[in-house]
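# A look at the structure
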Protein chains: 4
Amino acid sequence: MYRSRPHGNLDDSALSFLSSVYDDHNLLYYDIIGSQAHVVMLYEVGILSKNELKKILKSTTSLLNEASLLKEFGNSSSEDIHELVESAIIKMTDIESGGKMHTARSRNDQVVLDMRMKVRDDINNICQNLIILISSIIKRAEENMDSIMPMYTHLQHAQLGVFSHYLLSYAYSLIRDFDRFYELYDRVNCSPLGACAIGGSSINIDRERVSSMLGFSGLIYNSIDATSSRDSLIEFASNSLICMLNLCRVSEDLILWSTSEFGFLSLDDRFSSSSSVMPQKKNPDPLEIIRGKTGLANGIFQSISSIMKGLPSGYSRDLQEIKPSLWKMSSLLQDSLLITDGIIKTFNVNKKRMYEISSESYAISLDIAEQLIKKKNISFRSSHKLVGGLVDCAVKKGNISLNKLSIDDLSQVLTNTDFLNYGITPNDLYVLIKDVTPENSINYRITKGSPNKQEQLEMLLFLNRKIDEYQKKCKLRIDSLRDKISELGFTVEKHIDDPS
Amino acid sequence: MYRSRPHGNLDDSALSFLSSVYDDHNLLYYDIIGSQAHVVMLYEVGILSKNELKKILKSTTSLLNEASLLKEFGNSSSEDIHELVESAIIKMTDIESGGKMHTARSRNDQVVLDMRMKVRDDINNICQNLIILISSIIKRAEENMDSIMPMYTHLQHAQLGVFSHYLLSYAYSLIRDFDRFYELYDRVNCSPLGACAIGGSSINIDRERVSSMLGFSGLIYNSIDATSSRDSLIEFASNSLICMLNLCRVSEDLILWSTSEFGFLSLDDRFSSSSSVMPQKKNPDPLEIIRGKTGLANGIFQSISSIMKGLPSGYSRDLQEIKPSLWKMSSLLQDSLLITDGIIKTFNVNKKRMYEISSESYAISLDIAEQLIKKKNISFRSSHKLVGGLVDCAVKKGNISLNKLSIDDLSQVLTNTDFLNYGITPNDLYVLIKDVTPENSINYRITKGSPNKQEQLEMLLFLNRKIDEYQKKCKLRIDSLRDKISELGFTVEKHIDDPS
Amino acid sequence: MYRSRPHGNLDDSALSFLSSVYDDHNLLYYDIIGSQAHVVMLYEVGILSKNELKKILKSTTSLLNEASLLKEFGNSSSEDIHELVESAIIKMTDIESGGKMHTARSRNDQVVLDMRMKVRDDINNICQNLIILISSIIKRAEENMDSIMPMYTHLQHAQLGVFSHYLLSYAYSLIRDFDRFYELYDRVNCSPLGACAIGGSSINIDRERVSSMLGFSGLIYNSIDATSSRDSLIEFASNSLICMLNLCRVSEDLILWSTSEFGFLSLDDRFSSSSSVMPQKKNPDPLEIIRGKTGLANGIFQSISSIMKGLPSGYSRDLQEIKPSLWKMSSLLQDSLLITDGIIKTFNVNKKRMYEISSESYAISLDIAEQLIKKKNISFRSSHKLVGGLVDCAVKKGNISLNKLSIDDLSQVLTNTDFLNYGITPNDLYVLIKDVTPENSINYRITKGSPNKQEQLEMLLFLNRKIDEYQKKCKLRIDSLRDKISELGFTVEKHIDDPS
Amino acid sequence: MYRSRPHGNLDDSALSFLSSVYDDHNLLYYDIIGSQAHVVMLYEVGILSKNELKKILKSTTSLLNEASLLKEFGNSSSEDIHELVESAIIKMTDIESGGKMHTARSRNDQVVLDMRMKVRDDINNICQNLIILISSIIKRAEENMDSIMPMYTHLQHAQLGVFSHYLLSYAYSLIRDFDRFYELYDRVNCSPLGACAIGGSSINIDRERVSSMLGFSGLIYNSIDATSSRDSLIEFASNSLICMLNLCRVSEDLILWSTSEFGFLSLDDRFSSSSSVMPQKKNPDPLEIIRGKTGLANGIFQSISSIMKGLPSGYSRDLQEIKPSLWKMSSLLQDSLLITDGIIKTFNVNKKRMYEISSESYAISLDIAEQLIKKKNISFRSSHKLVGGLVDCAVKKGNISLNKLSIDDLSQVLTNTDFLNYGITPNDLYVLIKDVTPENSINYRITKGSPNKQEQLEMLLFLNRKIDEYQKKCKLRIDSLRDKISELGFTVEKHIDDPS
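Residues numbered from 1 in each chain as written. Chains lettered and ligands numbered in written order. Predicted model: local features only at pLDDT ≥ 70, side-chain atom pairs only at ≥ 80, totals over all residues. Heavy atoms only, no water.

A few words on the overall build of chain A. Counting its secondary structure elements, chain A contains 20 helices and 6 strands. Its C-alpha atoms give chain A a radius of gyration of 31 Å, clearly above 23 Å, the size a compact globule of 500 residues would have. Principal-axis analysis of the C-alpha atoms gives chain A an extent of 100 × 50 × 40 Å. A buried classification covers 70% of the 500 residues belonging to chain A. In chain A, of all internal contacts separated by at least 6 residues, the share reaching a separation of at least 24 is 77%. For chain A, the computed accessible surface area is about 15000 Å², with 50% contributed by carbon and sulfur atoms. (Helix = DSSP H or I, 4+ residues; strand = E, 2+ residues; numbered from the N terminus. Rg over C-alpha atoms; globule rule 2.2 N^0.38 Å. Buried < 20%, exposed > 50% of the residue type's maximum accessible area, 1.4 Å probe, protein only. Contact = heavy atoms within 4.5 Å. Areas by Shrake-Rupley, 256 points an atom, 1.4 Å probe, with all protein chains shown as cover.)

The structure is reproduced here in structure tokens:
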């Protein structure tokens, strides 16, 4: 449609190579309402007559209601959604009416407008999904404050903890994800329209009026910046990736804990897959897919940043290639949040197995070392060495628990590790070790943010308050945007129905 | 269909999250002919009766001819193409016939089989596309052996050259791309079938028979390796990426040379895009898309390698996520080869502009320095300094050409750069500079692989021979594979038609 | 030093493979002052005696003043900086004093503490560097509001503009970079110390006291979160990468404009490189390195996110590998900001060349089309077509300027493009085209954010105000942090000098 | 030294930003011997006098023996190793001798020469390391052909296998890594020297003579290709990354199997790390670092490919930035091969624990299903369903083993799953299940490449033969290269000692 200078059509293979129409279906809705605001403004500043405005608005409304009209009227050789929509509207009206729609506008500012409208909606959705997931996590944490289990570093037993403590750690990281998306919104929610191809227009359009009709909080002012920059959209991609990395950590934990060797959790059947050949199988496929999609997200982000690298200012067609990557990133995150929520809500916790492994674990070693410090006033480094000796002895006796060590064993360890002159008797040690039951291991842990019951309650309190606050903030923003878009709808209808 | 152990169905959102059916349409054909070979072998070793074999083969043939049957018969809750096909066949036959198809087979070996069959076909296509593109490049090079133009380093004029020299450099890099793909084929063309889930089977199947029927050159032997490894497929992705990087260099050159400032080339209108708003525009969009898709390819490769990182042995569902990335990589390379070919074949070369810029360029400086060495026996370092002085003088006089320097200027330079005692007179310099015309600059360049005419002919000779050789190698391989697959088709028909 | 359970030493090759000591030199300072705050608190809660405290603080002060002591006293087989420092301090004091330093602390919380202290300093530096660079850009923009030049899309002439407009577009993007880093600070500036290995401690330490002494604004509360999460550090990496992508765009523009074909700019000799062999060369190497380092930054980011993918909760040694990547990212950004500043401050602008190319450019086509709309009331689509015809005619006549078209040419175009009935005479067109001089092209462009002089002034006003505000915010934050760290220094001295 | 055109020096910060001297230490050796071959050839074709040649060769020999001379004589403002070496040699000789060394050569071809010489050496080292590692794996496999253990898919028990089967699967993948590197060698081992800056030279140099002296197998012919292409070096990076991904899989398996929950392996103390705070810890840090370095390798590869994306033909300074990435990739792979070898050689296998878990595992389900097919002639799909019922029953009875199911249980299952009419009695089932002991599970598995003992022997035979063959191929190549380089050394000495 636009081929004023090049003669003839694009080569067929070139057209299909260039075309983004398929990937642009996500933008159709935004492209149309963006056009509605643009033409309403064009009418208000005197570029369109009332009659022209009515014709164009009517056809946009038809397209919104019946997307199939696009196929019927749109130019089949369109390279993108913008051209497709404009060509359809021209055909549904006439060249002198529809042909004015693109006045003082270019696909270069239009595509950024559409992308920003879509991304701000995605941000709002993600924020809501995050709130839902965090709420589910909090609920499961409330049920599992006494589910004693080993805590792992390097996948080896480190200290004892409680299952709720893990769950709450997930919640804290998702809170930060929320913050990142919430803050980004303002950078995204700026209107580029009116930047035109790259250098603005000599037509007296009103950029701020369009911006306001579409619910933006302001302009992305400089016209080169408006059409060339993608940094806030890349930030959307990186926020999404960071959130996926957080979900991936959850998945990895749950996959390990669902093995028969760990046996702490079993996923609900609704979130388990079977095998085509092994009848016994119950596989944690949804968790593996989240992990896989995190790898995918790494690559999607890289696609975007690698495409941007080396581009000069001004629209280059390369920029088209970041669109499908952005949409894929957005949808994989939204899906993964939903699925993680389903899994967290429904898994079964095997508290008995958790306790069993905890009660035989050397993960109480640090507790013992700290008790020695408190009761026997030796340095941490010495205490570390002595308890190392205890573990060594227990391992040599066939990996027995520390509380199975006899007075004789303890006496031997004190001798071997040169602790005879520290005023610690074998009996002292014996009593001290027996005292460090799994329950006491948790009770004694008193620092802020530890698995202690009081601390679990503290964190739950904090997170519940946070979620309330976030729900309100989110609602406010979404409602305000919805109001603006409704208002635009009324304006459009009013104009269409205007008998004048 | 397989849910023996988990009760009830997958959660709907989980199913859609897990399902690869959409991405697997690329594998349908391979899945079916793989199954045909498998059941023929099962019959031959006595697992299937003749009647069962016939039923199954008939339904596979129906599916091959009419893919819509899949939708009609296949289980709508299938997680992937393998389950979909098997469920359709069971429904088209009966559980005791179709239910035997999956004997001694798992989706874990089956999916690798399908992928390897698709990738080997893709390799053959890419090899053929490479030959076509190299041939086009050679043709344009033959036309442009006398198109003198500047050669650039750091985008600044370096030495003078000819346009064919650039084109031939592209051909050489594509030759190496061919080699990489050609060598890879043998690593890909091995059959994993019979590895079953991960540890083989107690059924007396004949892995080598299936492998041979499907045109493989051998087995991927160890059953864990067969189901867990993706290294040769990653190599396919990296070969593709490297080839894209080579094409990207071509694109970047052509984009720059098509600017009005360079003006060396103009793309054919069939490969140029227009602007929605600027009537004068003729943009090199297809080249930009190739550059953009190279960025995309960077990310696709990263998706694959990031998904693989951290996985244990044995099939994990994460592996599913590399499939769409592989197919996208393969198709974007094939498209880009085709488009590059179209562009190269059709662009117009502005020899006049190339010559104009060449004749005013300081790119003859090194030639002059080398003439000084040859004629005046001074060291290269001294010569470099003296010619630097000449350029400096010419720049100060308003960026005039070196051959516009007067005898006085030259005398001044010799004084300023302390070259009075080197036995070089201003007149010597004057004559020497005048002698280095653009034509002589090229003629004097005598090293192997330089832009000299004789060397251009040498390289054309080499590349033409190479292309002949590659065409033959390629044809041999493709024919042999086609024969095997035809033979399988005959075997299938023969069994179906067998009245016994 | 810590090897209580494994017997004997690490294999030598394993030690050198594991060791991060070399990469950790960036953390030494932070490790020591972090330890100072920790032991002061340990004293305050009664774990250390005054005497023990004094001994430890003295040795930390010695290490701060003379890093070579580390080599003298530190355990040569240390795997990281934390072990090296602790072992040195134990040796400089004694096991029962220095051996208490690590009470209720683990390398797992310590390393995150050190990283967060370094990154918050880096953020402050980057924010300051951004302010400096933006100020330089503003200054050069003020000088170039009348430097008329073509604006490019797809590297083809799009519309006419002014050089300041490009510069200001860079400033706007760097403003957003500032915002990103500024907002991130609060997420980074939280203390993990006291989380211990993963599950806190039974020692009555005061996490908030340490946090406050070190200038943190609060705790990273949950102990698993504190030791496992790296999301805010990944965000630092992604902010850095986004900023590099913005700088890369600047570099790409400047590289192109410095070619002899464009000729708009020449870099100052202090920022130009020469050739070892071509005497005439003056290459824009620093700009190429910035572009290259942007590619590098893409990979560095990917290293970090790929390392994180698939890790379970709790410290895993993999996390060590993200440290050198983070430091490299940080320093390459800081260097690139500095170099870009040097280049922007010193390049020479060739206004004459810019104007020359502008005055022959078809980039005024859209202006002409818009004048037609305003004066002849035809639709934009029609106007686009008519001007396309004008350009076509001018191209065919040998790429002459539009204002060189004769009345006859214009008449011909009106006929060919079917515009005879639109009330536009050849003379109308002739007058209208002549009127669109480069100067008028800019003057007529009246939309907000366009290259119009008034708009340039508007943007300068905005940016200057912004920079003032940012300078104040930055100073406040840096001063407050410096005060806290000084205060810690006084506390340390006071304890050391305390005669009691 | 080369600054003929730009005046004055580089800005200090720009110099340090640009300089690659630090990263280039890897190339020093290659740079010097490359220069030796170059000057010997220059003498042979008459550019250098005997005396000049001797002076230069003497100083190169001094630099080889005493690198510190570089600091003493080399220009401190050198931007790279090539300039540093040349400036030192000029100072050690004189400008009219040393100043001739760079005749008909540029840093643009020189840097590629150095890189190719280093990479071919690295390839040979990696090939040797691969052979060593594969040999160690084979040895451990020979010891573990009867170590029955579960095989995992989705980290869940799939089938029973033997430990050697896993080890052999690693060996097979490393064999392919060897092939990749071995094939690449020929693409790398081509000489670019003589391509000069980009377009060759008018000096009558002999490219083939230099190539032969340096042990290359031929030229990289076209001069643009020789200086612009990096594809074979990217291929080196991708081969390295693929090999790391293979090692990463090994690491992930070993990390899991070393947890106390799996308990199959314990690493030797020489390859285990301790904790600074938890005395009981014995962590698999070297394995985690390999996994972490695989993530790092992902990013390093991405740095390289992202730097290349968007570059035009001809040397651009961006290319400098790929050098440190390549060296880091190469050394991390070589280190990881060595460490993996140390770990594999020394870990302890807990066969008892492996057997214990195997004997209670549902991983025999598929074996049972296949026995049913063979003995009762039901379809695989039916058999799958029936055995699913068995597992279901056993799970409900408290996760008891299948061989603990009573006749009553079996009868119940047959009823519930509608298998009463299939001619299978509860007793049939009972006998069949009892028969599938862990040992029989392995014995019955008869397909090629399965864990069956006979198959383990088959694979060992194949791999041992392969290793013999590879050792020979490797030795031949390395010896031939060493001979060439020695010969060059003799030539150099001969010239130096020549009294004429």
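Let us look at the packing of helix H7 (residues 107–143) of chain A against helix H11 (residues 231–257) of chain A. The packing of two helices is summarised by the inter-axis angle and the distance between the axes. Residues and elements named next belong to chain A. Viewed as axis vectors pointing N to C, H7 and H11 meet at an angle of 20 degrees, and their least axial separation amounts to 11 Å. Here H7 lies roughly parallel to H11, going by the angle between them. Crossing of H7 against H11: the hand is left-handed. Here Met115, Val119, Asp122, Ile123, Ile126, Leu130 and Leu133 of H7 lie close against H11, whose contacting residues are Leu233, Phe236, Cys243 and Leu247. Classifying every residue of the contact of H7 with H11 by side-chain character gives 10 nonpolar, no polar and 1 charged. (Axes fitted to C-alpha atoms, helices over the stretch in contact; angles between N-to-C directions. Parallel < 35°, antiparallel > 145°, perpendicular 65-115°, else oblique. Left-handed = near helix turned anticlockwise from the far one by under 90°. Nonpolar A, V, L, I, M, F, W, Y, C, P; charged D, E, K, R; others polar.)

Turning our attention to the interface of chain A and chain B. Facing 64 residues of chain A, the contacting portion of chain B comprises 64 residues. Summed over both sides, the interface between chain A and chain B buries roughly 5200 Å², with carbon and sulfur atoms accounting for 58% of that surface. Its largest share of buried area at the contact with chain B, chain A owes to Phe17(A), Ser276(A) and Ile289(A), together 14% of the area lost on that side. On the surface where chain A and chain B come into contact, there are 6 salt bridges. Close ionic contact of Asp285(B) with Arg317(A) constitutes a salt bridge, the shortest N to O distance being 2.5 Å. Applying the counting rule to chain A against chain B returns 26 residue pairs in polar contact (both at pLDDT 80 or more). Secondary structure elements with two or more residues in the side of chain A that touches chain B: helix H1 (12–18), helix H12 (285–308) and helix H13 (322–346) of chain A. (Buried area = accessible area lost by both parts, 1.4 Å probe. Salt bridge = Lys/Arg side-chain N within 4 Å of Asp/Glu carboxyl O. Polar contact = N/O pair within 3.5 Å; in protein donor to acceptor, adjacent residues only side chain to side chain.)

Residues and elements named next belong to chain C. Where helix H3 (residues 50–65) contacts helix H5 (residues 81–92), the axes come no closer than 9 Å and their chain directions differ by 120 degrees. The angle between the axes of H3 and H5 places the two elements in the oblique class. Seen along the crossing, H3 lies across H5 with a hand that is right-handed. Contact with H3, carried on its side by Ile56, Ser59, Thr60, Ser62 and Leu63, involves Val85, Ala88, Ile89 and Met92 of H5 and no other residues of that element.

Even without being a glycine, His154(A) presents a positive backbone phi close to 55 degrees. With respect to the helices and strands, the residue His154(A) is situated in the loop between strand E1 (148–153) and strand E2 (156–162). Unusually for a residue other than glycine, Asn399(D) sits at a positive phi of about 60 degrees. Inspection of the secondary structure assignment puts Asn399(D) in the loop between helix H16 (380–396) and helix H17 (407–416).

Under the criterion given, the structure shown has 48 aromatic pairs over all chains. Between Tyr172(D) and Phe462(D) the ring centres are 5.7 Å apart and the planes differ by 5 degrees, which places this aromatic pair in the stacked class. One end of the pair, Tyr172(D), is in helix H8 (residues 163–188); the other, Phe462(D), is in helix H20 (residues 453–497), and 290 residues separate them in sequence. Looking at Phe462(D), the relative accessible area reads 35%, which means it is partly exposed. Over the ring of Phe216(C) we find Arg120(C); its NZ or CZ atom is 4.5 Å from the centre of that ring. The lysine or arginine in question, Arg477(D), covers the ring of Tyr182(D), its NZ or CZ lying 3.7 Å from the ring centre. (Phe/Tyr/Trp six-rings, centres within 6.5 Å; stacked < 30°, edge-to-face > 60°. Lys NZ or Arg CZ within 6 Å of the ring centre and 35° of its normal.)

The next subject is the side chain of Thr447(C). In this structure, Thr447(C) sits in the loop between helix H19 (438–444) and helix H20 (453–497). Among the polar contacts made by the side chain of Thr447(C), one reaches the main-chain amide nitrogen of Ser201(A) at a distance of 3.1 Å. Here Thr447(C) is in contact with Gly194(A), Gly200(A), Ser201(A), Ile203(A), Ile205(A) and Glu455(C), once residues within four sequence places are set aside.

Structural alignment of chain A on chain B gives an RMSD of 0.0 Å, achieved by rotating through 180 degrees and translating 0.0 Å along the axis. In symmetry terms, the pair is related by a two-fold rotation axis. Within chain A, Gly299(A) has its C-alpha nearest the rotation axis, a separation of 2.1 Å. Same-surface contact between copies: 100% of interface residues of chain A are shared with the interface of chain B. (Least-squares fit on C-alpha atoms with pLDDT ≥ 70 in both.)

Before going further, it helps to examine the domain arrangement of chain A. Residue and element names in this part refer to chain A. Structurally, chain A comprises domain 1 (12–103), domain 2 (108–203 + 216–355 + 466–484) and domain 3 (361–444). Taking only C-alpha atoms into account, the centre of domain 1 sits 33 Å from that of domain 2. Buried surface at the junction of domain 1 and domain 2, both sides included, amounts to about 1400 Å², of which 56% is carbon and sulfur. The tally of links from domain 1 across to domain 2 stands at 2 salt bridges. A salt bridge links Lys323 to Asp24; its shortest N-O distance comes to 2.9 Å. Taken together, the connections running from domain 1 to domain 2 amount to 6 residue pairs in polar contact (both at pLDDT 80 or more). Residue contributions to the side of domain 1 that touches domain 2 peak at 6 residues, all from helix H2 (residues 28–44). (Domains from an automatic or database assignment.)

Turning next to the pattern of salt bridges. Summed over all chains, the structure comprises 140 salt bridges over all chains. Among the salt bridges present, the one from Asp318(C) reaches Arg291(D), with a minimum N-O distance of 2.7 Å. Residue Asp318(C) is located in the loop between helix H12 (285–308) and helix H13 (322–346), and its partner Arg291(D) is located in helix H12 (residues 285–308); the two belong to separate chains. Judged by relative accessible area, Asp318(C) falls into the buried class, the value being 0%. Given the relative accessible area of 3%, Arg291(D) is considered buried. Between Asp498(D) and Lys50(D) there is a salt bridge, and its shortest N-O distance comes to 2.7 Å. Of this pair, Asp498(D) sits in the segment after H20 while Lys50(D) sits in helix H3 (residues 50–65), and the two are 448 residues apart along the sequence. The class for Asp498(D) is partly exposed, based on a relative accessible area of 22%. Under the relative-accessibility criterion, Lys50(D) is labelled buried at 16%. Each member of the salt-bridge network shares a partner with another, and the members are Arg176(A), Asp177(A), Arg180(A), Glu183(A), Arg187(C), Asp225(C), Asp231(C) and Glu235(C).

Glancing now at H12(D). Residues and elements named next belong to chain D. Its 24 residues place the ends of H12 34 Å apart at the C-alpha level, agreeing with the 34 Å of an ideal helix rising 1.5 Å per residue. Most of H12 is tucked away: 24 of the 24 residues are buried. Two residues or fewer after H12 comes Gly310, characterised by a positive phi angle close to 95 degrees. (Expected span 1.5 Å × (residues − 1).)

Once that is clear, we can look at the side chain of Ser147(D). Residue and element names in this part refer to chain D. For Ser147, the position within the fold is in the loop between helix H7 (107–143) and strand E1 (148–153). Polar side-chain contacts of Ser147 include one of 2.6 Å to the side chain of Asn144. Every residue in contact with Ser147, bar those within four places of it in the chain, is listed here: Gly161, Val162, Phe163, Lys351 and Met354.

Attention now moves to the pairing of E2(A). All names here are of chain A. With respect to burial, E2 is a largely interior element, 7 of its 7 residues being buried. Pairing geometry for E1 and E2, over 6 bridges, is antiparallel. By the bridge assignment for E2, Pro150 is matched with Leu160. Counting the residues that bridge the hairpin from E1 to E2 gives 2 residues, and of these His154 lies at a positive phi of roughly 55 degrees. (Pairing = 2+ DSSP bridges.)

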